[in-house]
Amino acid sequence: MSAEVRVRACPDGPVLVRGADTVVDEQGTAHPVTRPVVAVCVCGLTSRAPWCDGTHQVATRAAQGSVRADE
Amino acid sequence: MELPEPCGPVSRQVAEALRTEDRERCHVVLPDEPVLTDRDVQLGLWMLYELSYRGFDDVDPVAEWDPAVVRIRRVLERKFEQELRQATRTRLAEAPEGDDVADQLLALVRREDGPKLASYLRREATLEEMRDYLRERSVQQLRESDPQSFLLPRLEGAAKVALAELQYDEYGAGRPERLHQTLYAEALAGAGLDDRYGAYVREISGTSLASVNVMSLFALNRRWLAAGLGHFAAFEASSALPSRRVASGIERLGLPVAVAAYFHEHVEADAVHEQVAARDVCGAYVAAHPDQRETVLFGAACHLHLEALSGAELLARWAPDQRAEVAS
């Protein structure tokens, strides 16, 4: 991995991280980065912490009243 | 792979044009009816496109650029394009206004309220229905990302860098065992299905074939570059959540780990890819080519339309009475 780590927030979505070797979660567990860019969850709803699993879409739509949030 | 058996007059005319040495006299007559989900027409188009991917053992590779073959391809494509335009008109008319093409594209994807295929697969599908689903998607997924590789040399700058980054991930990020096409082959084998490239091309529906062909239409014709980018972004943006549901359905049915593994990989990968494809690929491309915004959204709408048709078709096949009851 490159020495420079770049982080970018996506509107209503995850944070994209490039160039990291590991991402450390709230419990202090280090998760190895195995792809060129990873999406780190910031909404707290993912079932695959620390990685984004797309659940923020459901949260956004549920807030708009169009779907149930239990999916 | 050998040229598949034709399934009607159009695919028969295409097959004849590919097999004969006297191609100049070959032509194709299309039906008056719509061809968007016509299995015969879509199989014929798939044969023509396949010449630019891995080809057929029993077709001379020279056929790919034979003027008569290209002419036949254009006849089929012209009608395919017209029907895609027609089919996406309403969706595009309702597309949200905005400055940011990525926000517009992702909003188009989020507006979809079609049949709940993934939820059905998660909660209710039988083993045979799950295998049917894996089979229908096999022609597309066994060459996953290959159409988008044709887009790369036509791009420049930031959009090219972002697409290359995505393709590297799709192609295993340096690890052959992580090549997504290979993961899908392992999923098929795990479910007791044939994992050979093109094995089910004669069995899948016209809608499934059209979903494969639309990618080639956009990938092999440079004039459709922007549509190819939009299609790709919409595809990635409608994959992460459904993949999670399909994986959970596969586990409910007790299929081997390799079957769910493909879908688990796509939960994480596509959560990343939707952002990069919409913002870095389409966003950068439209920033440099503002006149291409509508074509990017057209490509996205084509994916959403065919995906909705496919979902409705499979649910009608499996559970005609309870389509409305499957929760989101």
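Everything numeric here is computed off the predicted structure, so don't read it as measured data.

> What am I meant to see in the overall build of chain B here?
Assigned secondary structure in chain B consists of 15 helices and 0 strands. On C-alpha atoms alone, chain B measures out to a radius of gyration of 19 Å, which is about the 20 Å that the 2.2 N^0.38 rule sets for 328 residues. The principal-axis extent of the C-alpha atoms belonging to chain B is close to 55 × 45 × 45 Å. Within chain B, the proportion of its 328 residues that are buried is 50%.

> Help me out: how do you make sense of the pairing of strand E1 (residues 6-9) of chain A in this one?
The two faces of a sheet get side chains in turn, since along a regular strand they alternate between them. Residues and elements named next belong to chain A. Pairing between E1 and strand E2 (residues 15-18): 4 bridges, direction antiparallel. If you follow alanine 9 over to E2, its bridge partner there is valine 15. Where E1 hands over to E2, the hairpin turn is made up of 5 residues, of which aspartate 12 adopts a positive phi near 55°.

> What am I meant to see in the domain arrangement of chain B here?
Residue and element names in this part refer to chain B. One can read the domain layout of chain B as domain 1 (9-85) and domain 2 (97-325). For domain 1 and domain 2, the distance between their C-alpha centroids amounts to 24 Å. Listed by partner, the interface residues are 15 residues for domain 1 and 17 residues for domain 2. Elements with a contribution of two residues or more to the side of domain 1 that touches domain 2: helix H2 (39-50) and helix H3 (67-93). Counting residues per element, the side of domain 1 that touches domain 2 draws most heavily on H2, at 6 residues. When its residues are assigned to classes, the side of domain 1 that touches domain 2 shows 8 nonpolar, 3 polar and 4 charged.

> Before we go on, may I ask you to explain the interface of chain B and chain A in this structure?
Often the size quoted for an interface is simply the accessible area lost on bringing the parts together. Contacts between the two partners involve 18 residues from chain B, matched on the other side by 21 residues from chain A. Residue assignment for the side of chain B that touches chain A shows that the elements contributing at least two residues are helix H9 (157-170), helix H13 (240-252) and helix H14 (257-288) of chain B. Considering every element that reaches the side of chain B that touches chain A, the biggest residue donor is H14 of chain B, with 8 residues.

> What's the story with the confidence of the model for chain B in this structure? I'm lost.
Looking at chain B as a whole, the pLDDT averages 95, with 97% of positions reaching at least 70. In the predicted assembly, ipTM is 0.80 and pTM is 0.93.

> Mind showing me how you'd approach the pairing of E2 of chain A here?
Alignment of E2 of chain A against strand E5 (residues 37-40) of chain A, held across 4 bridges, turns out to be antiparallel. Note on E5 of chain A: the bridge partner recorded for arginine 18 of chain A is valine 37 of chain A.

> Help me understand H2 of chain B in this model?
Because each turn of an α-helix spans 3.6 residues, side chains separated by three or four positions in sequence point in the same direction. The first and last C-alpha atoms of H2 of chain B sit 16 Å apart over 12 residues, in line with the 16 Å expected at 1.5 Å per residue. Of all 12 residues in H2 of chain B, 12 are buried, a share of seventy percent or more.

About the criteria used
- Residues numbered from 1 in each chain as written.
- Chains lettered and ligands numbered in written order.
- Predicted model: local features only at pLDDT ≥ 70, side-chain atom pairs only at ≥ 80, totals over all residues.
- Helix = DSSP H or I, 4+ residues; strand = E, 2+ residues; numbered from the N terminus.
- Rg over C-alpha atoms; globule rule 2.2 N^0.38 Å.
- Buried ≥ 20, exposed ≤ 12 C-beta atoms within 10 Å, placed from the backbone.
- Pairing = 2+ DSSP bridges.
- Domains from an automatic or database assignment.
- Contact = placed C-beta atoms within 7 Å.
- Nonpolar A, V, L, I, M, F, W, Y, C, P; charged D, E, K, R; others polar.
- pLDDT = per-residue confidence, 0-100.
- Expected span 1.5 Å × (residues − 1).

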